[in-house]
Amino acid sequence: MKIITKTGFAILALLFVLAAMALKPKESNNQDKISLIPQPVSVKYTGGYFTLTYSTGIFYQEANPALKKSARFLAKILHPSTGFPVPVIPVKNKPSGTYIYLTLTENKALGNEGYELKVTKKRIILSANKPAGIFRGIQTLRQLLPARVEKCYLQKGPWQIPTTKIIDYPAYAYRGAMLDVARHFFSVKTVEKYMDLMALYKLNILHLHLSDDQGWRIQIKSWPELTKIGGSTEVGGGKGGFYTQKQFKELVHYAADRYITIVPEIDMPGHINAALASYAILNCNNKRKKLFTGIDVGFSTLCTHKKITYKFINDVVGEISAISPGPYFHIGGDESHATPKKDYLPFIAKVQNIVAAHHKKVIGWDEIAQTPLKKGTLVQYWANKKNVLTAIKKGAKVILSPGGRTYLDMKYDSTTKLGLHWAGYVNVKRAYNWNPSTLIPGVTKKDIAGIEAPLWSETITDLKDIEYMAFPRLIGDAEIGWTPKNLRNWNSYRLRLGKQAARLDDLNVNFYRSKLIPWQD
Ligand code: ACM
């Protein structure tokens, strides 16, 4: 008998493998196309698929208007692309037949935002302790469907969802994005689209930087010149703009429908030129400052000795707090280089009392850690690690926004046209590849409320710019905030991110196609 040579054996083996591959029944559930971001705590695929059809309805537990809203949110995504009617139906008990069912349950492990998603061939059951968890689970369900489901006109089916059991809940309660609407103003529609994208990736805080040297962006009825004068321009001398209180309430409402809390920020005592240009009385010399359209920082300050300054702050904090249902008011406090330290410290202490009088908790940039901190105050790290250690010694929790990781206005590399680079270049890997609980020695998970990715807008003028700088990096921040550290790694993430390309395209997002990511459209 002829002995088979080594090469011959290798060829035979290869043929055998190829034949086996050809004979294997085709997986028709498109599982290899699925990409979940943030990666859930536990996912088990069971090999089959559920198919959405003309007769699939979304049932929800009767007498729960919040579930009805989320059911409608899902139907609004499914209806235009599938062409199916997707009725939303209240029921007393679990229905029979084939359906999607949203229901509240009691499962402590899931917390406030966790959920359990069970997909079998016949039905999809999404359960959670709280309506917020149902909403987060709906985002996972979206990502289990083909990306074209996101389109707003009729697409080809089939609409298959892999059978699976997912149990999921966030690592951190505070998962934020910040938008600087002061350096350049952005319309309500632009901010709403940003929130739509945040919601898809389970972010839950939108921090709006509503005032700075270049612009005052929210109507204050008792101080109307703030917007009339202070809102009349922006970086580069454009026409600026502001939100009326009615528009701000619309934003708050839009956010609430997505289980996003808006954190309003009025930056003080520095970054305040727009107010000083609006009212002479806010200046120590009773003379209005000129409007400012450049990008320097650290030159303006409120007159901390004047009584009227605190009346002004009380009016502003009062009017904004009255239309902000969230628990926080952000007082800025950063880069107050024009305020003597001996004035800065008592100023921040007084402002904390004003905020407390309006039943809000204070958030401030890390500089505020130098002052006595009221219980419940959150300190937002951006630059100075020592301030963070001081803050936690005083019993405060921290929000992590390290400039060289989370600042979405940092250029990706030296060729990026938009953005700045004072905190370095932040490519997609650098933005993703860090852990909150090991970032600062001495600061552990229990000290951390969560993370936030700020987008400062000195160079950002419209929605396309926002999307280019935020995406894909904000998606990484969403995963850092949600997914436990032991389930995150760059190699898995970059593959999953690559598979988000089609979804981002279908959502018309102008994202940056980093060469580090194997994009699959
Ligand atoms: C900041 O970037 N000045 C908080």
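This text gives an overview of the structure that appears in the document. Keep in mind that what you see is a predicted model, and the values were worked out from it rather than measured.

Some thoughts on the overall build of the chain
Check the secondary structure of the chain and you find 17 helices and 17 strands. In terms of overall size, the chain behaves like a compact globule, its C-alpha atoms giving a radius of gyration of 26 Å where 521 residues would be expected to give roughly 24 Å. Based on the C-alpha atoms only, the size of the chain along its principal axes is roughly 105 × 60 × 45 Å. Taking all 521 residues of the chain together, 57% fall into the buried category. About 22200 Å² of surface is accessible on the chain, with carbon and sulfur atoms providing 58% of the total. Here the chain contributes 72 positive and 40 negative side-chain charges, whose respective centroids are spaced 6 Å apart.

Side note on helix H3 (residues 131–144)
Along its 14 residues, H3 runs 20 Å from first to last C-alpha, staying within 8% of the 20 Å computed at 1.5 Å per residue. With respect to burial, H3 is a largely interior element, 14 of its 14 residues being buried.

Details of the pattern of salt bridges
Within this structure, the stated rule accounts for 22 salt bridges. Among the ionic pairs, glutamate 62 bridges to lysine 92, the shortest N-O distance being 3.7 Å. Remark: lysine 92 occurs in the loop between strand S3 (88–91) and strand S4 (99–104) and glutamate 62 occurs in the loop between strand S2 (58–61) and helix H2 (65–82); sequence separation between them is 30 residues. A residue is classified by how much of its surface remains accessible, and glutamate 62, at 38% relative accessible area, is partly exposed. For the salt bridge of aspartate 315 with lysine 311, the shortest nitrogen-to-oxygen distance reads 2.9 Å. Residue aspartate 315 and its partner lysine 311 are both found in helix H8 (residues 307–322); the two are separated by four residues, about one turn of the helix. Counted as one network, the salt bridges with shared partners bring together Asp180, Arg183, Asp212 and Glu458.

Side note on the side chain of glutamine 214
With respect to the helices, strands and loops of the structure, glutamine 214 is situated in the loop between strand S10 (211–212) and strand S11 (215–216). On the basis of relative accessibility, which here comes to 1%, the residue glutamine 214 falls in the buried class. Dropping the residues within four chain positions of it, glutamine 214 is found in contact with Ala182, Arg183, Gly230, Thr233, Glu234, Val235, Ala274, Phe292, Thr293, Gly294, Ile295 and Asp296.

Considerations on the side chain of threonine 309
Relative to the helices and strands, threonine 309 is located in helix H8. Ignoring anything within four residues of it in the chain, the contact list for threonine 309 reads Leu302, Cys303 and Phe347.

Regarding the state of the cysteines
Put plainly, a disulfide is one covalent bond tying together the sulfur atoms of two cysteines. Applying the stated rule across the entire model yields one disulfide. The partner cysteine of cysteine 284 in its disulfide is cysteine 303, sulfur to sulfur 2.0 Å. Here cysteine 284 and cysteine 303 share a disulfide; its torsion about the S-S bond, 105°, makes the bridge right-handed. Of the two residues, cysteine 284 is situated in the loop between helix H7 (273–278) and H8 and cysteine 303 in the loop between H7 and H8; the sequence distance between them amounts to 19 residues. Take cysteine 284: its relative accessible area is 54%, and that puts it in the exposed class. Cysteine 303 sits in the buried class, given a relative accessible area of 4%.

Brief notes about the packing of H8 against helix H9 (residues 341–357)
Axis separation between H8 and H9 bottoms out at 10 Å; the angle between their running directions is 35°. Here the hand of the crossing between H8 and H9 comes out right-handed. Packed against H8, whose contacting residues are Thr309, Tyr310, Ile313, Asn314 and Val317, the element H9 presents Phe347, Lys350, Val351, Ile354 and Val355 at the interface. A per-class count over the contact of H8 with H9 returns seven nonpolar, two polar and one charged.

Description of the pairing of strand S9 (residues 205–209)
As a general feature of sheets, a regular strand has side chains that alternate between the two faces. Among the five residues that make up S9, five are buried, leaving the element largely enclosed by the rest of the structure. Side chains Ile205, His207 and His209 of S9 all project onto a buried face; the interleaved residues Leu206 and Leu208 project onto the opposite face, where all are buried too. Two strands pair when backbone bridges link them, and strand S8 (residues 174–180) and S9 are joined in this way by five bridges, in the parallel orientation. In the strand pairing of S9, glycine 176 is matched with isoleucine 205. Taken together, S8, helix H4 (residues 188–200) and S9 form a β-α-β motif whose crossover is right-handed.

Procedures and definitions
Residues numbered from 1 in each chain as written. Predicted model: local features only at pLDDT ≥ 70, side-chain atom pairs only at ≥ 80, totals over all residues. Heavy atoms only, no water. Helix = DSSP H or I, 4+ residues; strand = E, 2+ residues; numbered from the N terminus. Rg over C-alpha atoms; globule rule 2.2 N^0.38 Å. Buried < 20%, exposed > 50% of the residue type's maximum accessible area, 1.4 Å probe, protein only. Areas by Shrake-Rupley, 256 points an atom, 1.4 Å probe, with all protein chains shown as cover. Lys, Arg positive; Asp, Glu negative; His and termini not counted. Charge placed at Lys NZ, Arg CZ, Asp CG, Glu CD. Expected span 1.5 Å × (residues − 1). Salt bridge = Lys/Arg side-chain N within 4 Å of Asp/Glu carboxyl O. Contact = heavy atoms within 4.5 Å. Disulfide = S-S within 2.5 Å. Axes fitted to C-alpha atoms, helices over the stretch in contact; angles between N-to-C directions. Left-handed = near helix turned anticlockwise from the far one by under 90°. Nonpolar A, V, L, I, M, F, W, Y, C, P; charged D, E, K, R; others polar. Pairing = 2+ DSSP bridges. Right-handed = clockwise from strand over helix to strand, strands pointing away.

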